[in-house]
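One letter stands for each residue in the lines below.
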Amino acid sequence: MKLPVTSYGETGTPVVVLHGLFGSGRNWMTASRRLADRHRVFAFDLRNHGSSPHVPTMSYPEMADDVRETIESLGVGPVALVGHSMGGKTAMLTALRHPSVVERLVVVDAAPVAYPPAFVEYARAMRNADLSSVTRRAEVDAQLTAAVPTPGTRAFLLQNLILDADGARWRPNLPVIEAALPDISGWPSVAAGLVYDGPTLFIYGGKSDYVQQNHRATIASYFPRATYTEVPEAGHWVHAERLDDFLAALTPFLG
């Protein structure tokens, strides 16, 4: 499935960015614009997110195939592929299964391991919110507070709310995302035995536990040329929390 793409810049080497769970290519707008002075940047909306079609399944093999097909349709490959969290796992599997379209790989705060299921409460709270008479985002924000106590996280989730003349509705395919969360938290078995030997950079937040020292042997088994950069003051959303530090780590690797 070809994915919706937003492009930035007209010259330079191609860079594709993949957002995380409940995100969209729009979340990368500021970073993409900063990169666009040296690169052609393409921000994808992964399936069931952003402007992408709503489809009944969203496994990592399917998402990696979507990314490969979209890169090939652009005619710009091979690319530097950058992915955060869920997008990072999608990027890793794309590189492992379709290395011909990936010239180099950047994984932002994710590792090729299974994590405890997370964000189920977020998906459920969004899906159960009563949108029937909503006219302002603040009304939905109040409904999410019990399940999502952090204001910044609620603000991030509320970027997915559409408010227009037809009323209020969520942009992502929440029922399918909720059902897929166990797989999204995991790591696909189809990756077993695969190796991507291109240049690979893991950028991770010093305040996050998504990339740990004990993950490095597993990472090396898939990505033998992996290097690491910690952004000490960042949590999981590295590129949003510490953009300048993130770009300082990313830009030299892109070349």
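Q: Please clarify how the overall build of the chain should be interpreted in this entry.
A: On a plain count of helices and strands, the chain comes out with 10 helices and nine strands. Over its C-alpha atoms the chain spans a radius of gyration of 18 Å, differing by no more than 12% from the 18 Å that the globule rule assigns to 255 residues. Considered along the principal axes of its C-alpha atoms, the chain spans approximately 55 × 40 × 35 Å. Taken over 255 residues, the chain has a buried fraction of 54%. Partitioning the intrachain contacts of the chain with sequence separation of at least 6 by distance along the chain shows that 78% fall at a separation of at least 24. Taken as a whole, the chain presents about 10900 Å² of accessible surface, with 50% of it coming from carbon and sulfur.

Q: Just checking my understanding: could you explain the pairing of strand β3 (residues 39-44) for this structure?
A: Regular strands have side chains that alternate between both faces of the sheet. Counting buried residues along β3, five of its six residues qualify, which places the element largely inside the surrounding structure. One ladder, built from four bridges, connects strand β1 (residues 5-8) with β3; its direction is antiparallel. When the bridges of β3 are listed, Thr6 appears paired with Ala43. With helix α1 (residues 29-35) bridging strand β2 (residues 13-18) and the parallel β3, this β-α-β connection has right-handed handedness.

Q: Which parts of the structure should I look at to understand the layout of surface pockets?
A: Taken as a whole, the largest pocket spans an internal volume of roughly 340 Å³. As for the largest pocket, its lining consists of 26 residues, of which Ser85, Tyr115, Phe119, Tyr210 and His236 are closest to the centre. Among the secondary structure elements, those contributing two or more residues to the lining of the largest pocket are α3 (86-97), α6 (151-158) and α7 (174-185). The residue inventory of the lining of the largest pocket, partitioned by class, reads 16 nonpolar, eight polar and two charged. Its volume calculated, the second largest pocket comes out at about 260 Å³. Gly152, Phe156, Gln159, Trp237 and Ala240 are the residues nearest the centre of the second largest pocket, which is lined by 15 residues in total. If you list the elements that add at least two residues to the lining of the second largest pocket, you get α6 and α9 (238-241).

Q: Can you help me understand the side chain of Ser32 in this one?
A: With respect to the helices, strands and loops of the structure, Ser32 is situated in helix α1. When residues no more than four places from it in sequence are discounted, the contact partners of Ser32 are Tyr8, Val17 and Val41.

Q: Is there a simple way to explain the environment of Ala31 in this structure?
A: Inspection of the secondary structure assignment puts Ala31 in helix α1. Along the primary structure Ala31 and Phe246 are separated by 215 residues, whereas in three dimensions their C-alpha atoms are 9.1 Å apart. Leave out the neighbours within four places in its chain, and Ala31 touches Leu243 and Leu247.

Q: So what exactly am I meant to see when it comes to unusual backbone geometry here?
A: Note that the residue after Gly77, namely Pro78, is joined by a cis bond; omega there is -5°. Position of Pro78 relative to the elements: it lies in the loop between α2 (60-74) and β4 (79-84). Within the chain, Asp109 stands out as a residue other than glycine whose phi angle is a positive 55°. Along the chain, the position of Asp109 falls in the loop between β5 (102-108) and α4 (120-128). Classification of Asp109 by relative accessible area gives buried; the value is 0%.

Q: I keep staring at the pattern of salt bridges and nothing clicks. Help me out?
A: Should their charged atoms come close, side chains of opposite charge can pair. Tallied over the full model, the rule gives 11 salt bridges. For Glu72, the salt bridge identified is with Arg68, shortest N-O distance 2.8 Å. With Glu72 and Arg68 both in helix α2, this residue pair falls four residues apart, about one helical turn. Here Arg127 makes a salt bridge to Glu178, at a shortest N to O gap of 2.7 Å. Of this pair, Arg127 sits in helix α4 while Glu178 sits in helix α7; the two residues are 51 residues apart in sequence, bridging distant segments of the chain. Accessibility expressed as a relative area gives 38% for Arg127, which makes it partly exposed. Overall, the relative accessible area of 14% leaves Glu178 in the buried class.

Cut-offs and rules
Residues numbered from 1 in each chain as written. Predicted model: local features only at pLDDT ≥ 70, side-chain atom pairs only at ≥ 80, totals over all residues. Heavy atoms only, no water. Helix = DSSP H or I, 4+ residues; strand = E, 2+ residues; numbered from the N terminus. Rg over C-alpha atoms; globule rule 2.2 N^0.38 Å. Buried < 20%, exposed > 50% of the residue type's maximum accessible area, 1.4 Å probe, protein only. Contact = heavy atoms within 4.5 Å. Areas by Shrake-Rupley, 256 points an atom, 1.4 Å probe, with all protein chains shown as cover. Pairing = 2+ DSSP bridges. Right-handed = clockwise from strand over helix to strand, strands pointing away. 1 Å grid on protein atoms, 1.4 Å probe; cavity = no way out; pocket = protein on both sides within 12 Å on 5 of 7 lines; lining within 4 Å. Points joined across faces, edges and corners; volume = space filled by probe spheres on them. Nonpolar A, V, L, I, M, F, W, Y, C, P; charged D, E, K, R; others polar. Salt bridge = Lys/Arg side-chain N within 4 Å of Asp/Glu carboxyl O.

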